[in-house]
Amino acid sequence: MKILVAVKRVIDYNAKVRVKADNSNVDLSNTKMAINPFCEIAVEEAIRLKEAGSAQEVVAVSVGPKACQEQIRAALALGADRGIQVETDDNLESLNVAKLLAQVVRDEQPDLIIMGKQAIDSDNNQTGQMLSALLNMPQGTFASEINLQEGEVQVIREIDGGLQTLGLTLPAIITTDLRLNEPRYASLPNIMKAKRKPLAVVTPETLGVELKQHSKLLKVTPPAERSAGILVSSVDELIEKLKNQAKVI
Amino acid sequence: MAILIIAEHDNCTLKGATLNTVTAAAQMGQDLHLLVAGSNCQNVADEAASVEGISKVLLADNSVYAHHLAENTAQLISQLGTAYSHILAPATSNGKNILPRVAALLDVGQISDITAVESADTFQRPIYAGNAIATLQSLDNIKVITVRGTAFEAASTGNDAPIENVDLQIESNLSSFVSEEIAQSDRPELTAAKVVISGGRGMGNSENFTLLEQVADKLGGAVGASRAAVDAGFVPNDIQVGQTGKIVAPDLYIAVGISGAIQHLAGMKDSKIIVAINKDEEAPIFSVADYGLVADLFEAVPELEQKL
Ligand SMILES: Cc1cc2nc3c(=O)[nH]c(=O)nc-3n(C[C@H](O)[C@H](O)[C@H](O)COP(=O)(O)OP(=O)(O)OC[C@H]3O[C@@H](n4cnc5c(N)ncnc54)[C@H](O)[C@@H]3O)c2cc1C
């Protein structure tokens, strides 16, 4: 079995987000960047399937400017076998990313595609589902457990009321939730080894995919600030404030 | 052109998030149709017909839609959807699962989790865990949108809209339902509760969450949790509040033993009143709390429960 994992370069989840003074976007200059945490979980899951003997090859693909090769290398350091960068501008819309990934999938013919359920920058939660539609494949979104079976994959999904188990025919697309696994750290020797693993660069033109703009970003503003309130000194004072000042109990 | 709204339901009852979505839709246009796709869900259709502002209910009642499998449901919605200017769903796990698939089938983008409607094609939505608000204009002829329930009031009921049957049976055979574990609770639904009391890693174990349940019961509230509490197995996944869990905005949110990471704040900082109980006075949660109590939760919470 061959597994394709998609990884996105995003702001580090611990880094502080600043909005540009002209409200055109957020300011990411000098900001620490990282592999999107959900994508990291996807990579980890693929590697575990390989270690368990269920998969033979793990290919990591990222769509973005040259800098995203760093995140592909990070995936290679975790254990992916080779990388593909689809060279594009930053901030591509989900449907365009999905169209590019769809062509990579047609070329690579993986049996399983694992990706993050959402990127922590745009918070869109779209690309996996869109890719599934474009390829007419089944989707197992928000996965907290994956079990490969004969010709099928069972996915336990985190849904609003609890958990749901679905059976998907292969090839299938899975998007990861937080509790699917806890990603490992790359070891120094593996980081060194990753530098020598193959990384191919393709473009929308070589893939034959035409991109289209679906929305226009008019402005980005900071959220309404919430100012800190007061410290109360006792449970009695807390109850008194909630009753008489806030009037919420 | 009319607006198609996807009803959230479990084949028995219409879920509240649908009502907030109807309010958002009403800010985009006039003629609102509510699609109930499910199996043996006539009850839901009847409830849907009573929602104020709805001009027509579409009922696709077929066993192929029983479990809201994305492959079948998205095909159904995309086939119906070509006749509409907008397709809206609540940003629930169902909406998030199905709607992007619909958008791709229609070759249009999706605008996720909107929190304000500026005009029929321009919307606001939080990005970067709510640390920035983007204003986006859709350029697509069919606008596919998910709606954050807490940002819109619930539509009222009392209407009697006509119900029209949809005879489209779409079965992909790509996915199949195996099983479901749905938590049963007598408490109000987390995203709709007026009071939410959430516990974090500081709760220490699963048994200690009964402390919070007792307070919740006294206040008629729901119990939530941080990711750390869910990851540790103290509580089930479906009560995680945050960027990647549930979004809540109750009148009163009480955070107990929660440090206040941005990913958690993203899910609760629009609450009207926030209370934090934490033994570390430096905890970031205090910077968003209206009332902070620096205390050991194992003393403060039982006392709170007793004195309420
Ligand atoms: C991609 C991604 C997505 C995420 N999504 C979410 C999300 O949706 N929701 C979410 O919550 N988190 C999310 N997180 C995790 C988030 O970053 C934090 O790790 C998490 O919120 C911490 O949970 P916590 O506050 O319970 O634990 P901690 O940060 O460990 O805080 C525990 C707090 O309890 C206090 N405490 C301990 N004992 C006591 C006591 N006896 N009495 C009083 N106080 C006590 C401590 O002082 C401390 O402040 C996400 C992270 C990532 C990377």
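Quick look at the structure, then. Remember, predicted model here, so these are calculated numbers, not experimental data. (Residues numbered from 1 in each chain as written. Chains lettered and ligands numbered in written order. Predicted model: local features only at pLDDT ≥ 70, side-chain atom pairs only at ≥ 80, totals over all residues. Heavy atoms only, no water.)

### What to know about the site of the ligand
Move 1: Near the ligand, the surroundings consist of 30 residues, among which Arg 201, Ser 226, Gln 240, Ser 259 and Asn 278 of chain B are the closest.
Move 2: In the environment of the ligand, an oxygen atom lies 2.7 Å from a nitrogen or oxygen atom belonging to the side chain of Gln 240 of chain B.
Move 3: At 2.8 Å, a side-chain N or O of Gln 263 of chain B approaches an oxygen atom of the ligand.
Move 4: Taken together, the elements giving at least two residues each to the shell around the ligand come down to helix H1 (37–51) of chain A together with helix H6 (227–231), helix H7 (262–265) and helix H8 (297–307) of chain B.
Move 5: Looking at the shell around the ligand residue by residue, the classes come out as 12 nonpolar, 13 polar and five charged. (Near = heavy atom within 4 Å. Polar contact = N/O pair within 3.5 Å; in protein donor to acceptor, adjacent residues only side chain to side chain. Helix = DSSP H or I, 4+ residues; strand = E, 2+ residues; numbered from the N terminus. Nonpolar A, V, L, I, M, F, W, Y, C, P; charged D, E, K, R; others polar.)

### Thoughts on the sheet that holds strand E8 (residues 112–116) of chain A
Strand pairing in a sheet is mediated by backbone hydrogen bonds. Such pairs are either parallel or antiparallel.
Move 1: One open sheet holds the 10 strands; their spatial order is E13(A)-E7(A)-E6(A)-E1(A)-E8(A)-E12(A)-E9(A)-E10(A)-E11(A)-E11(B), and the pairing between them is mixed. The strands lining the two open edges of the sheet, one partner per strand, are strand E13 (199–202) of chain A together with strand E11 (175–182) of chain B. Across the sheet, the mean angle separating the axes of adjacent strands is 25° when strand polarity is ignored.
Move 2: Pairing of strand E1 (residues 2–6) of chain A with E8 of chain A involves three bridges; the strand directions are parallel. From the neighbouring strand, Val 5 of chain A faces E8 of chain A, where its bridge partner is Ile 114 of chain A.
Move 3: Where helix H4 (residues 93–105) of chain B meets the sheet, its contacts fall on strand E9 (139–149) and strand E10 (152–159) of chain A, and the angle it forms with E9 of chain A comes to roughly 90°. (Pairing = 2+ DSSP bridges. Axes fitted to C-alpha atoms, helices over the stretch in contact; angles between N-to-C directions. Contact = heavy atoms within 4.5 Å.)

### Some thoughts on the sheet that holds strand E14 (residues 215–221) of chain A
Move 1: The strand order across the open sheet built from four strands is E14(A)-E8(B)-E7(B)-E6(B), with neighbouring strands paired in antiparallel fashion. This sheet does not close on itself; its edge strands, each paired only once, are E14 of chain A together with strand E6 (116–119) of chain B. Averaged over neighbouring strand pairs, the angle between their axes works out to 30° when direction is ignored.

### Some details on a nonpolar patch on the surface
Residues and elements named next belong to chain A.
Move 1: A cluster of nonpolar side chains, namely Leu 188, Ile 191 and Met 192, defines an oily patch on the protein surface of about 280 Å² accessible area.
Move 2: Topologically, Ile 191 is positioned in helix H5 (residues 188–194).
Move 3: Residue Ile 191 is classed as partly exposed on the basis of its relative accessible area of 34%. (Patch = residues over 30% accessible without salt bridge, like charges linked within 9 Å, V, L, I, M, F, W, Y side chains within 5 Å. Areas by Shrake-Rupley, 256 points an atom, 1.4 Å probe, with all protein chains shown as cover. Salt bridge = Lys/Arg side-chain N within 4 Å of Asp/Glu carboxyl O. Buried < 20%, exposed > 50% of the residue type's maximum accessible area, 1.4 Å probe, protein only.)

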